[in-house]
Amino acid sequence: MRPVVLCFSGLDPSGGAGLQADIEAIAATKSHAAIACTALTIQDSQKVYGFTAIPAVHLVQQAETVLADLPVKVFKSGMLGTLENIAALEKLLATHALPFVLDPVLVANSGGSLMQQTHQQASASSVSEKMATTNEVVAAFKKLLPYASLVTPNSIELRQLAGKENLVEAAKQLCDWGAGAVLVKTAHEASTHSIQNSLYVAGEKVYQSITPRLAGEYHGSGCSLASAIAGKLAHGMSLVAACQQAENWLHGCLKQADVHHEGGQRIPNRGLM
Ligand code: PLP
């Protein structure tokens, strides 16, 4: 069978981000995506309105059931939703030694937070009362770093996780805390005409890509990139080649993204081979 990537990710009903992005990106690499669902979000291409996190016990049951049945080659995580789910994933990683791509999703590209303290029902008022603090989220993610073959933060997430403003120093910090490699993505940086992503291994830059900046905002670009890399790693590809090829593929998906109306983010067209 095709190599299997087990993704820990949330449902985005717009289909731009989250588990649908994972499934489509991984299918494009000719790997198979299995999903342990972490949360059900309520969102469109413009805004996150709320979410219900899946209880950690259910998350673990989903993952263990798939692991007992399918030849999982790589783990990939996106939105985890709660501190409890991060801790549950940490335990799974400790008992199943597999390559792991960690996309440290803290907020949606459209701005809404995607992390609560504990599992609860979606509703605007209760969600805002029980959001996890940045310190709590950073402490929880730090424990995942030693298991990560690759971390794929955008620049906002990287600064929050490392507590450093300078992106190079921040990437080195994550390596010092145990991450196998860090792919620093700069699409959120104040605009230049190009986007420069850099891959750090053991604190050293081993690869840099320079891509022309496309007009518009995109929904699910981070999920798509991390999953495409995971799908390629599942075939045994080297990390540098997987990052290069996944970035080229994503650029094509964004160039052909669907533009539905002015206010919303564009949906990447991942149906490209
Ligand atoms: N996962 C889920 C379920 C989401 O809803 C989002 C954003 O809305 C993300 C991940 C992160 O998406 P992006 O790739 O745009 O950063």
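Going by the structure above, here's the rest.
Attention in this report is confined to the structure presented alongside it. All of these numbers come straight from a predicted model, not from anything done at the bench. (Residues numbered from 1 in each chain as written. Predicted model: local features only at pLDDT ≥ 70, side-chain atom pairs only at ≥ 80, totals over all residues. Heavy atoms only, no water.)

### Remarks on the packing of helix H8 (residues 221-234) against helix H9 (residues 239-255)
A pair of packed helices can be characterised by two numbers: the angle between their axes and the separation between those axes. Selection rule: Every angle, taken between N-to-C directions, lies between 0 and 180 degrees, and every axis is a line fitted to C-alpha atoms, over only the stretch in contact when it is a helix. Secondary structure elements follow DSSP: runs of H or I of four or more residues count as helices, runs of E of two or more count as strands, with numbering from the N terminus. Any angle from 65 to 115 degrees is called roughly perpendicular, while one under 35 is roughly parallel, one over 145 is roughly antiparallel, and all others are oblique. In this scheme the crossing of two helices becomes right-handed for a clockwise turn of the near helix relative to the far one and left-handed for an anticlockwise turn of less than a right angle. Only heavy atoms matter for contacts: two residues are in contact if any of them lie within 4.5 Å across the pair. Amino acids outside the nonpolar list (Ala, Val, Leu, Ile, Met, Phe, Trp, Tyr, Cys, Pro) and the charged list (Asp, Glu, Lys, Arg) are all regarded as polar, and Gly is one of them.
Orientation of H8 relative to H9, taken along the N-to-C sense of each, is 140°, at an axis distance of 8 Å. Classed by the angle they form, the pair H8 and H9 counts as oblique. Note that H8 runs across H9; the crossing there is right-handed. Here Ser 221, Ser 224, Leu 225, Ala 228, Ile 229, Lys 232 and Leu 233 of H8 come into contact with H9, specifically with Leu 239, Ala 242, Cys 243, Gln 245, Ala 246, Glu 247, Trp 249, Leu 250 and Leu 254. Here the residues of the contact of H8 with H9 are counted per class, giving 11 nonpolar, three polar and two charged.

### Observations concerning the nonpolar core
Filter applied, for reference: Put simply, a nonpolar core is a bunch of buried Ala, Val, Leu, Ile, Met, Phe, Trp, Tyr and Cys residues held in one set by side-chain atoms that sit within 4.5 Å of each other. Accessible area is worked out with a 1.4 Å probe on protein chains only. A residue is then buried under 20% of its type maximum, exposed over 50%, and partly exposed in between.
With 42 residues, the main nonpolar core has Leu 6, Phe 8, Phe 141, Leu 144 and Leu 174 as its most contacted residues. Setting aside its immediate chain neighbours within four residues, Phe 8 contacts Ala 36, Thr 38, Leu 59, Ala 63, Phe 75, Lys 76, Ser 77, Gly 78, Met 79, Leu 80, Leu 89 and Leu 92. Within the second largest apolar cluster, 29 residues are counted, among which are Leu 183, Tyr 207, Cys 253 and Leu 254.

### What to know about the pattern of salt bridges
Defined as follows: The term salt bridge refers to a side-chain nitrogen of Lys or Arg lying within 4 Å of a carboxyl oxygen of Asp or Glu.
Applying the stated criterion across every chain yields a total of four salt bridges. With its nearest N and O atoms 2.9 Å apart, the salt bridge here joins Asp 22 to Lys 76. Note that Asp 22 is positioned in helix H1 (residues 18-28) and Lys 76 in strand E4 (residues 72-77), a separation of 54 residues in sequence. With a relative accessible area of 0%, Asp 22 lands in the buried category. Across the pair Glu 165 and Arg 159 runs a salt bridge, and its minimum N-O distance is 3.3 Å. By relative accessible area, which is 22% here, Arg 159 ends up partly exposed. Salt bridges linked by common partners bring Arg 159, Glu 165 and Glu 189 together as one network.

### Let's talk about the environment of Asp 22
Along the chain, Asp 22 and Gly 222 lie 200 residues apart, while their C-alpha atoms are 10.0 Å from each other. With near-sequence residues (within four places) excluded, Asp 22 lies in contact with Cys 7, Ser 9, Ala 33, Ile 35, Lys 76, Cys 223 and Ser 227.

### Focus on helix H2 (residues 56-69)
Spelled out, the test is: A helix's residues, less one, multiplied by 1.5 Å, set its expected span. The arc in question is the one spanned by the directions pointing from the helix axis to the C-beta atoms.
Its 14 residues place the ends of H2 20 Å apart at the C-alpha level, agreeing with the 20 Å of an ideal helix rising 1.5 Å per residue. Burial in H2 covers these residues: Ala 56, Leu 59, Ala 63, Val 66 and Leu 67. In an axial view of H2, the angular spread of the buried residues amounts to 105°, which keeps them on one side of the axis. What points out from H2, more than 90 degrees from its buried face, is the exposed set Thr 65, Ala 68 and Asp 69. Contact partners of the buried residues in H2: strand E1 (4-11), strand E2 (32-43), E4 and helix H3 (83-95).

### Quick look at the site of the ligand
Heads up, the condition is: Each residue is tested against the molecule or strand, and it is near if at least one of its non-hydrogen atoms lies within 4 Å. Polar contact criterion, stated in full: a pair of N or O atoms within 3.5 Å, where within protein one must be able to donate a hydrogen and the other to accept it, and residues adjacent in sequence count only if both atoms are side-chain atoms. Only the protein chains shown count as cover for residues, and all accessible areas are computed by the Shrake-Rupley method using a 1.4 Å probe.
Close to the ligand lie 15 residues, the nearest being Gln 43, Asn 109, Gly 220, Gly 222 and Cys 223. Ser 221 has a polar backbone atom sitting 3.5 Å from an oxygen atom of the ligand. Take Gly 222: an N or O atom from its main chain is 2.9 Å from an oxygen atom of the ligand. Across the complex, the protein chains shield 97% of the 390 Å² of accessible surface that the ligand would expose by itself. It is H8 that contributes the most residues to the shell around the ligand, three residues altogether.

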